[in-house]
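Okay, here's what each chain looks like letter by letter:
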Amino acid sequence: MTNLDLVLTQPWPLPLRRLLLEGRQAFRQGRMDLACRRYEEALRIEPNIPEAHLGLALARRPGPDYLAWLKTLHDTLRPALYLEIGVEAGDTLRLAGSGTTAVGIDPAPRIPADRPLPASTRVVAMTSQAFFADARAAASLPGPIDFAFIDGDHRFEAVLRDFIAVEAHMAPTGVIALHDTWPLNPGTATDTRHTGFYTGDGWKLIPCLRAIRPDLRLLTIPAPPTGLTLVTALDPSSTVLRERLGSVLAAYAALPYGPGSERLLALSSNGPAALDQVLAWRAMAAAK
């Protein structure tokens, strides 16, 4: 049902452990209403249980998860150059196909020694901000970017800066994927981290782009656990966001996540129609 695993991360006290195990069992049996109830009960007792948040997100949000979508996008787009911000152990970098040159940027990558990356993959141990501020580092990219995945610092300002920097290097038919753009609840959607399961407030980039960059085409796939937004019709020459950076940050800094926020996120379907739409937008960009 999903590539994500509902493992217990802590030796929780017996009442919580029982609820978590019952929730996991119900999820695996396809009894999603019961799974949600058990995870919600656990969170009422202890609001910071990562596996309860994850289980609740998976139970409420059916369909292919974001890892499955990234694999589908790689297989469909077949990018010559793939860029990833936020590498960690390299699991998403490994989704790139054999014909793709992949570049990952992460200040502290944790690639396991027993799972080396392919020879066509390069990891740069820098922050994304430092990478794009270094003219030599940015110039080392072997051509325009066909597909990019932004999953680094989850705060709005950082995600906005990453988007601005990456767009400037994108191919005309390129696609940028943004992770964690459909928060589970207000408590996990803030700029300050209070919970183990954390989306951050990078979701604010979606209403920001829709308002300030109407030339872009974007949709948010409700992929578990926290959504995946795809952006096309990119314009590397655009300076709107860069020139208005201060006012944009001030305008969106206090935007709360709550009832009604989902309508700001351009939610689409978690199925083939979303991919068809993105491919149609790419074809329109190619025809320009």
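This report concerns the structure included in the present document.

About the cut-offs
Numbers given to residues run from 1 along each chain, matching the order in which its sequence is written. The model is predicted, so local features are restricted to residues of pLDDT at least 70 and side-chain atom pairs to those at 80 or more, both for listing and for counting; the totals for chains, interfaces and linings are taken over all residues. Computation of side-chain values: all heavy atoms of the structure, hydrogens and water removed. Numbering of helices and strands starts at the N terminus; helices are DSSP runs of H or I of at least 4 residues and strands are runs of E of at least 2. Using C-alpha atoms as the atom set, the radius of gyration is obtained and then compared with a globule rule of 2.2 Å times the number of residues to the power 0.38. The cut-offs for exposure are 20% and 50% of the maximum accessible area for each residue type, with area from a 1.4 Å probe on protein chains only; residues under the lower value are buried, those over the upper are exposed, and the others partly exposed. By definition in these notes, contact holds between two residues if any of their heavy atoms fall within 4.5 Å. Where accessible areas are quoted, they stem from the Shrake-Rupley method and a 1.4 Å probe; at the residue level, only the protein chains shown are allowed to cover. For the purpose of counting charges, residues Lys and Arg are taken to be positive, whereas Asp and Glu are taken to be negative. His and the chain ends are not included. Charged groups are reduced to one reference atom each: NZ for lysine, CZ for arginine, CG for aspartic acid, CD for glutamic acid. Under this definition, polar contacts are N or O atom pairs within 3.5 Å; protein pairs additionally need one hydrogen-donor-capable and one acceptor-capable atom, and for neighbouring residues in sequence, both atoms have to be side-chain atoms. Between the N-to-C directions of two axes lies an angle of 0 to 180 degrees, each axis being a line fitted to C-alpha atoms and, for a helix, fitted only over the stretch in contact. Here the angle decides the label: under 35 degrees means roughly parallel, over 145 means roughly antiparallel, 65 to 115 means roughly perpendicular, and every other value means oblique. Take the far helix as your reference; a near helix turned counterclockwise from it by less than a right angle gives a left-handed crossing, and one turned clockwise gives a right-handed crossing. Each residue gets one of three labels, nonpolar for Ala, Val, Leu, Ile, Met, Phe, Trp, Tyr, Cys and Pro, charged for Asp, Glu, Lys and Arg, and polar for the others, Gly among them. For salt bridges, the criterion is a side-chain nitrogen of Lys or Arg within 4 Å of an Asp or Glu carboxyl oxygen.

1. Examining the overall build of the protein chain
Part 1: Counting secondary structure elements, the protein chain contains 11 helices and seven strands.
Part 2: Against the compact-globule benchmark of 19 Å for 288 residues, the protein chain has a radius of gyration of 19 Å, which places it among compact chains.
Part 3: Seen through its principal axes, the protein chain has C-alpha atoms that stretch 55 × 45 × 35 Å.
Part 4: Expressed as a percentage of its 288 residues, the buried residues of the protein chain come to 50%.
Part 5: When contacts within the protein chain are restricted to residue pairs at least 6 apart in sequence, those whose partners lie at least 24 apart make up 65%.
Part 6: Summed over its atoms, the accessible surface of the protein chain is roughly 13200 Å², and 54% of this surface lies on carbon and sulfur atoms.
Part 7: Seen as two clouds, the 29 positive and the 29 negative side-chain charges of the protein chain have centres 3 Å apart.

2. So, the environment of R94
Part 1: On the secondary structure map, R94 appears in the loop between β1 (81–85) and β2 (101–105).
Part 2: It is 23 Å that separates the C-alpha atoms of R94 and T173, two residues lying 79 residues apart in sequence.
Part 3: If we ignore the near neighbours within four places in the chain, the residues touching R94 are A89, I111, P112, R115, P116 and L117.
Part 4: A distance of 3.4 Å separates a polar atom in the side chain of R94 from a polar atom in the side chain of D91.

3. What about the packing of helix α4 (residues 66–77) against helix α11 (residues 272–287)?
Part 1: At a minimum axis distance of 12 Å, the contact between α4 and α11 shows a crossing angle of 40 degrees. As judged from the angle between their axes, α4 and α11 are oblique. The hand of the α4/α11 crossing is right-handed. Listed contacts from α11 to W69, T72, L73, T76 and L77 of α4 are A274, L275, L279 and R282.
Part 2: Residues belonging to the contact of α4 with α11 are distributed by class as follows: six nonpolar, two polar and one charged.

4. As for the side chain of D151
Part 1: Note on placement: D151 falls in the loop between β4 (145–150) and α7 (156–167).
Part 2: For the buried residue D151, which engages in no salt bridge, the nearest side chain bearing the opposite charge is R193, 10.0 Å off.
Part 3: Engagement of the side chain of D151 in a polar contact is seen with the side chain of H154, the distance being 3.2 Å.
Part 4: Once residues lying within four places of it in the same chain are set aside, the contact partners of D151 are I85, G86, H179 and D180.

5. Things to note about the pattern of salt bridges
A side chain of one charge can pair with a side chain of the opposite charge if their charged atoms are brought near each other.
Part 1: Here the structure, examined in full by the defined rule, presents 12 salt bridges.
Part 2: Put simply, D75 and K71 hold a salt bridge, and the shortest N to O gap is 3.4 Å. Of this pair, D75 and K71 both sit in helix α4, separated by four residues, roughly a single helical turn.
Part 3: Two residues, R161 and E157, come together in a salt bridge whose shortest N-O distance is 3.1 Å.

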